[in-house]
Amino acid sequence: MPEMLQLDLPLVLPDVSDAQDACVARMISLLERRPGVTRVHVARGSDTDHADRQSVPAELAASDAFLCLHYDPEQITLETLQQVARAAGADVTSRYAHAVLRFRAVASEDSGRRIEAALRALHGVTAAVANFPGQVVRVEYDRTLTDAATITRLLEETGATPDVSAGAREVENWYARNTELAWSLASGAFLTAGWLVSRSASVPDVVSIACFVVAYLFGALDNVGHLLKDLRKGHVHFNIDLLMVVAAVGAAVIGEWVEGALLLFLFSLGHALEHYALGRARHAITALTELAPSRATVIRDTDAGPTEVDVPVAEVRQGDRVVIKPAVRFPVDGTVKSGTSSVNQAPITGESVPVEKGVGSLIYAGSVNGEGALVVTVTAVVGDRTLDRVVKLVAEAETQKAPTQRFTDRFERVFVPLVLIADVVVIILPSVMGWWTWTESFYRAMALLVAASPCALALGTPAAVLAGIAQAARKGVLIKGGAHLESLGNIDILARDKTGTITRGEPSVTDLLPADGVADTDLLRVSAAVEQRSQHPLARAILAEATRRSVTVPVAGDLVSVTGRGLRSSVEGAAADVGRLLMFEEEDAGAAGIPAPIRADVERLEHRGRTTMVVRHGTRWLGVIGIADEPRADVKQTLERLRAVGIRRIVMLTGDNAGVGNAVGAAVGIDEVRAGLMPEDKVTAITELAATGRVAMLGDGVNDAPALAHATVGIAMGGAGTAAALETADVALMGDDLGRLPFAIGLSRQSRRIIAQNLALSLAVIAVLIVVTVGGLVGIGPTVIVHEGSTLVVIVNALRLLRYSEPGHLA
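Just so you know, these numbers come straight off a predicted model, no measurement behind them.

Colleague: Any chance you could break down the overall build of the protein chain for me, citing the residues and the numbers?
Modeller: If you tally the helices and strands in the protein chain, you get 28 helices and 29 strands. Within the span of the protein chain, comprising 811 residues, buried residues form 55% of the whole. The long-range fraction of contacts in the protein chain, counting pairs at least 24 apart against all pairs at least 6 apart in sequence, stands at 70%.

This is the structure in structure tokens:
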């Protein structure tokens with residue numbers, strides 16, 4: 001009979017924070033080859049239906065992500081399997097590494113593909129994705145074959161330099177900060193000088209040509225540099241750089257020096273303006289890294305007593321006590337040890353109202369303290385803070401291409417070579433047929449190269465994705481890539497868990513119905529003893545009621561979870577069972593063994609919308625506990641806003657009974673309630689809903705992981721409170737605020753509209769310019785003006801997302 005071993009995922013893969021990381025798949029592949037191992041997969045946390053795991057060691061009870069290994073004990077022992085799993089994890093961790101590198105580069109719009117190609121060609125790099133508008137690249141590599149220094153050097157060889165901090169950038173001189181603009185202005189100056197000289201009959205033509213040549217050099221300095229590097233490596237990329245250089249050289253060949261110099265000047269000036277505009281979106285993201293202060297005031301114990309010491313935040317360690325003065329930002333994550341204050345968490349969670357914090361409250365680096373002074377015990381230092389995880393995940397999100405961007409990439413790879421072929425045809429065919437002179441054919445062909453250059457097409461989608469992700473991050477919503485940004489804007493069905501999303505997630509005991517001859521305290525005492533090792537909200541409700549009534553809770557024995565049914569343990573030498581009525585019905589005794597009064601109490605409470613827990617101690621039935629979780633105060637209004645942004649159907653999925661589910665659903669206006677669902681039933685429900693439309697699943701990012709994974713888009717709530725919520729879902733609402741969801745969906749829909757507008761405008765401009773240039777209606781000068789103008793238009797259109805707010809609400 002196969003058995004299962006569960007290991008805390010961070011223990012076997014300490015350098016991997018995302019369960020969907022490729023290294024997890026590599027380790028699973030290694031383990032599944034082992035004789036005796038039948039299946040390996042990842043599971044997360046405890047289930048909403050009270051328990052979804054088999055017996056779990058106490059030291060793992062609070063873990064978020066588990067590696068589940070199903071094995072045949074006749075072929076491999078438990079001890080050997082544990083050793084094999086840890087060895088596989090160590091092998092993968094020591095071998096593969098990931099890096100997200102920001103860079104600064106002066107180049108054309110499609111240079112991201114050139115950077116990707118160069119990195120992928122490096123021996124040892126297994127994957128590379130670059131986002132040129134965002135100026136960030138994500139690389140996965142094999143440590144045994146290459147290293148980060150080699151990758152950085154190669155990145156520099158492509159013309160990209162590692163980005164520097166904002167502070168370092170402030171001390172750079174003007175030229176270092178504005179290299180591209182300086183080259184463009186120099187090109188324009190020599191173009192103007194050449195044009196003025198050419199109009200003077202007393203100056204030889206060679207002087208004006210010399211000025212134009214210098215204008216060429218400054219205008220094409222970066223593009224030519226890339227082409228020469230490619231030629232030295234033995235390959236040439238058919239890209240926008242090549243089209244523009246060929247067009248400018250062609251203009252010079254037929255003596256149109258002014259046209260060629262104007263082309264390169266306007267092209268480089270357009271680039272400078274484009275990159276300046278895109279810098280606004282990049283700054284919205286990089287500014288996140290500057291939210292937390294660089295120093296902290298730490299309490300150190302000295303011979304003279306506790307002393308406050310100002311230290312760099314990088315020197316602060318977990319467990320340190322940090323003093324937070326009024327009106328300053330928190331440098332670390334931690335819990336409040338002493339003091340009370342209102343804290344503005346908007347930079348992290350998007351909450352518009354300050355939150356009151358007291359002893360035991362969680363705080364996040366980057367939040368702003370109010371008027372009270374606090375002493376905070378550090379729980380996460382630099383690198384592990386919520387803010388650091390968000391910045392890392394946002395950087396990775398920038399490198400995830402949207403479906404529309406992948407389409408435009410494929411289009412450009414086919415389109416640019418076709419343009420070059422068409423250009424040769426335009427040069428040769430009309431002149432051979434006697435329709436145009438050779439000079440006229442060549443000139444129109446050069447104008448065609450400019451007209452067909454897909455600059456706006458290359459930038460329209462990534463600029464919108466960059467701005468959309470940036471605006472979401474600024475407002476407390478983490479969207480993990482362009483694909484999820486587009487998908488979120490396309491959903492029409494929203495499925496959501498009940499606990500924590502529709503209700504407050506803080507159930508309380510409402511009814512104690514002891515059996516005949518049983519005291520309330522006995523019912524509470526035994527149930528609380530069994531539940532005290534559980535992390536489930538229902539368990540906390542029972543324990544809270546026992547505390548409120550000052551009930552002495554005995555120590556229970558080993559805890560065994562019955563999947564989706566309840567818990568079993570032993571109390572005072574006798575078996576103790578606490579769970580749904582279904583758990584007892586499925587026993588050998590069957591339904592006949594359940595006393596009629598117990599069944600009647602369960603039915604009565606469930607009809608009133610209560611979640612019920614039946615308690616049995618040994619052979620004695622102690623009674624029924626009724627628990628209720630009140631709906632969130634703002635949930636009804638939020639559902640109306642969701643319908644206003646285009647969600648046509650809202651479905652609640654819950655493990656509670658139909659009475660509870662229907663009562664809550666009716667109270668808040670849910671369209672459909674599916675109750676009594678096991679974890680696998682929620683996955684089935686998502687699959688069924690997906691057959692009728694595009695589905696988003698909203699859960700807590702841990703308990704609903706299977707359903708989140710099967711939905712079109714998985715949305716986690718409370719991402720700031722748990723690392724797993726950040727890493728599990730496609731979209732994370734950083735705060736426990738449902739009001740962010742209509743904003744996120746509205747932003748995504750607006751992003752889709754802007755992407756579509758940019759795509760249509762780009763293709764329309766290319767089509768019109770091709771017709772008018774080949775037809776001889778306009779020359780190179782007007783063409784490049786319209787070309788660069790359209791590129792700036794799509795960028796400015798994309799940057800409108802940085803000002804997006806949900807209609808009728810503050811974002």
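Colleague: Give a detailed account of the side chain of Q750, specifying residues and quantitative values.
Modeller: By secondary structure assignment, the location of Q750 is in helix 27 (residues 740-774). Given the relative accessible area of 16%, Q750 is considered buried. If sequence neighbours within four positions are ignored, Q750 has contacts with R800, L801 and Y804.

Colleague: I'd like to hear about the pattern of salt bridges, residue by residue, with values.
Modeller: Counting across every chain of the model gives 25 salt bridges. In this structure, E440 engages R444 in a salt bridge whose closest nitrogen and oxygen atoms are separated by 2.5 Å. Here R444 and E440 lie together in helix 15 (residues 438-451), a separation of four residues that amounts to about one turn. In this structure, E572 engages R525 in a salt bridge whose closest nitrogen and oxygen atoms are separated by 2.6 Å. Note that E572 is positioned in the loop between strand 21 (566-571) and strand 22 (574-579) and R525 in helix 18 (residues 520-531), a separation of 47 residues in sequence.

Colleague: Go over a nonpolar patch on the surface, please, and point to the residues and values.
Modeller: Judged by side-chain polarity, V414, L418, I421, V424, V425, I428, L429, V432, M433 and W435 come together as a nonpolar surface patch covering roughly 990 Å² of accessible area. Turning to its location among the elements, V432 is positioned in helix 14 (residues 403-433). Overall, the relative accessible area of 62% leaves V432 in the exposed class.

Colleague: Requested: an account of the packing of aromatic side chains, with residues and values cited.
Modeller: All chains considered together, the criterion is met by six aromatic pairs. It is R616 that lies over the ring of W621; its NZ or CZ is 5.0 Å from the centre. Of note, R740 hangs over the ring of F743, and the distance from its end group to the ring centre comes to 5.4 Å.

Colleague: Run through the environment of A744, naming residues and quoting values.
Modeller: You can see A744 is positioned in helix 27. Along the backbone, A744 and I479 are 265 residues apart, and their C-alpha atoms lie at a distance of 8.7 Å. Those residues in contact with A744, other than ones at most four positions away along the chain, are V477 and L488.

Colleague: Describe the side chain of S527, naming the residues involved and giving the relevant values.
Modeller: Structurally, the position occupied by S527 is in helix 18. In this structure S527 comes out as buried when scored by relative accessible area, which is 0%. Reaching out from S527, the side chain makes a polar contact with the backbone oxygen of L523 at a distance of 2.9 Å. In this structure the side chain of S527 is engaged in a polar contact, spanning 3.1 Å, whose partner is the backbone oxygen of L524.

Colleague: An account of the sheet that holds strand 29 (residues 731-733) is needed here, citing residue identities and associated values.
Modeller: Ordered by their spatial adjacency, seven strands build an open sheet running 17-29-28-27-18-25-26, and the pairing between neighbours is mixed. What marks the edges here is a single partner per strand, and that holds for strand 17 (477-479) and strand 26 (672-674). In this sheet, adjacent strand axes meet at a mean angle of 20° when their direction is disregarded. Where strand 18 (residues 493-497) meets strand 25 (residues 649-653), five bridges bridge the pair, whose relative direction is parallel.

Colleague: Can you tell me about the sheet that holds strand 19 (residues 508-514), naming the residues and giving the values?
Modeller: Reading across from one edge, 19-24-23-22-21-20 is the order of the six strands in this open sheet, with antiparallel pairing throughout. Two strands in the sheet have a free side with no partner beyond their single neighbour: strand 19 and strand 20 (560-562). Strand-to-strand, the axes of this sheet are offset by a mean angle of 20°, without reference to chain direction. Relative to strand 24 (residues 620-628), strand 19 runs antiparallel, the two being bridged by six bridges. Within strand 24, the residue paired with S508 across the bridge is A628.

Colleague: Can you explain the packing of helix 27 against helix 28 (residues 780-799)? Please cite residues and give values.
Modeller: Two elements in contact, helix 27 and helix 28, have axes separated by 10 Å at closest approach and are oriented at 175°. Judged on the interaxial angle alone, helix 28 and helix 27 are roughly antiparallel. Within the contact between the two elements, helix 27 uses I754, Q757, N758, L761, S762, V765, L769 and T773 and helix 28 uses T783, V786, H787, S790, V793, V794, N797 and A798. Here the contact of helix 27 with helix 28 is composed, by residue class, of eight nonpolar, eight polar and no charged.

Colleague: I'd like a rundown of helix 5 (residues 148-157), residues and numbers included.
Modeller: The set of residues buried in helix 5 consists of I151, L154 and L155. Buried residues in helix 5, looked at end-on, bunch into an arc of 105°, giving them a common side.

Colleague: Tell me about the pairing of strand 23 (residues 611-617), and name the residues and values.
Modeller: For strand 23, a buried count of seven out of seven residues is recorded, marking the element as mostly surrounded by other parts of the structure. Alternating positions in strand 23 separate into two faces, T611, M613, V615 and H617 on one and T612, V614 and R616 on the other, with burial throughout. For strand 22 and strand 23, the ladder comprises four bridges, and the chain directions are antiparallel. Paired with D577 across the strands is R616, a residue of strand 23. Pairing of strand 23 with strand 24, which is carried by seven bridges, proceeds in the antiparallel orientation. Bridge pairing links V614 to V624 in strand 24.

Colleague: How would you sum up the confidence of the model for the protein chain? Please name residues and give values.
Modeller: Of all residues in the protein chain, 84% have pLDDT values of 70 or greater, and the mean over the chain is 80. Considering only residues more than four positions removed or in separate chains, one finds that residues 45-64, a stretch of pLDDT under 50, has 65 contacts. pLDDT under 50 marks residues 165-171. Its contacts with residues more than four places away, or in other chains, come to six contacts.

Colleague: Describe the packing of helix 22 (residues 635-644) against helix 27, and please don't skip the residues or the numbers.
Modeller: Relative to each other, helix 22 and helix 27 sit at 10°, their axes nearing to 9 Å. Here helix 22 is positioned roughly parallel relative to helix 27, judged by the angle of their axes. Residues T638, R641 and L642 of helix 22 touch helix 27, and the partners they reach there are L741, P742 and I745. Broken down by class, the residue content of the contact of helix 22 with helix 27 amounts to four nonpolar, one polar and one charged.

Colleague: Describe in detail the environment of L429, supporting the description with residues and values.
Modeller: Note that L429 resides in helix 14. Separated by 12 residues in sequence, L429 and S441 place their C-alpha atoms 8.5 Å apart.

Colleague: Can you lay out the nonpolar core for me, pointing to particular residues and giving the numbers?
Modeller: V477, L488, L642, L698, I715, L741 and I745 are the most contacted members of the largest nonpolar core, which totals 65 residues. Per-element tally for this core: the top contributor is helix 16 (residues 455-474), with 10 residues. Once you skip the residues sitting within four places of it in the chain, L488 turns out to touch I479, V713, I715, V731, A744, I745 and S748. Listed in part, the 35 residues of the second largest apolar core include A251, V419, L420 and A447.

Colleague: Can you lay out unusual backbone geometry for me, pointing to particular residues and giving the numbers?
Modeller: If you check the backbone angles, A327 has positive phi at about 65° while not being a glycine. In this fold, A327 is placed in the loop between strand 10 (321-324) and strand 11 (333-338). Look at E572: it is not a glycine, yet its phi comes out positive at around 55°.

Scoring rules and cut-offs
Residues numbered from 1 in each chain as written. Predicted model: local features only at pLDDT ≥ 70, side-chain atom pairs only at ≥ 80, totals over all residues. Heavy atoms only, no water. Helix = DSSP H or I, 4+ residues; strand = E, 2+ residues; numbered from the N terminus. Buried < 20%, exposed > 50% of the residue type's maximum accessible area, 1.4 Å probe, protein only. Contact = heavy atoms within 4.5 Å. Salt bridge = Lys/Arg side-chain N within 4 Å of Asp/Glu carboxyl O. Patch = residues over 30% accessible without salt bridge, like charges linked within 9 Å, V, L, I, M, F, W, Y side chains within 5 Å. Areas by Shrake-Rupley, 256 points an atom, 1.4 Å probe, with all protein chains shown as cover. Phe/Tyr/Trp six-rings, centres within 6.5 Å; stacked < 30°, edge-to-face > 60°. Lys NZ or Arg CZ within 6 Å of the ring centre and 35° of its normal. Polar contact = N/O pair within 3.5 Å; in protein donor to acceptor, adjacent residues only side chain to side chain. Pairing = 2+ DSSP bridges. Axes fitted to C-alpha atoms, helices over the stretch in contact; angles between N-to-C directions. Parallel < 35°, antiparallel > 145°, perpendicular 65-115°, else oblique. Nonpolar A, V, L, I, M, F, W, Y, C, P; charged D, E, K, R; others polar. Arc of directions from axis to C-beta. pLDDT = per-residue confidence, 0-100. Core = buried A, V, L, I, M, F, W, Y, C linked by side-chain atoms within 4.5 Å.

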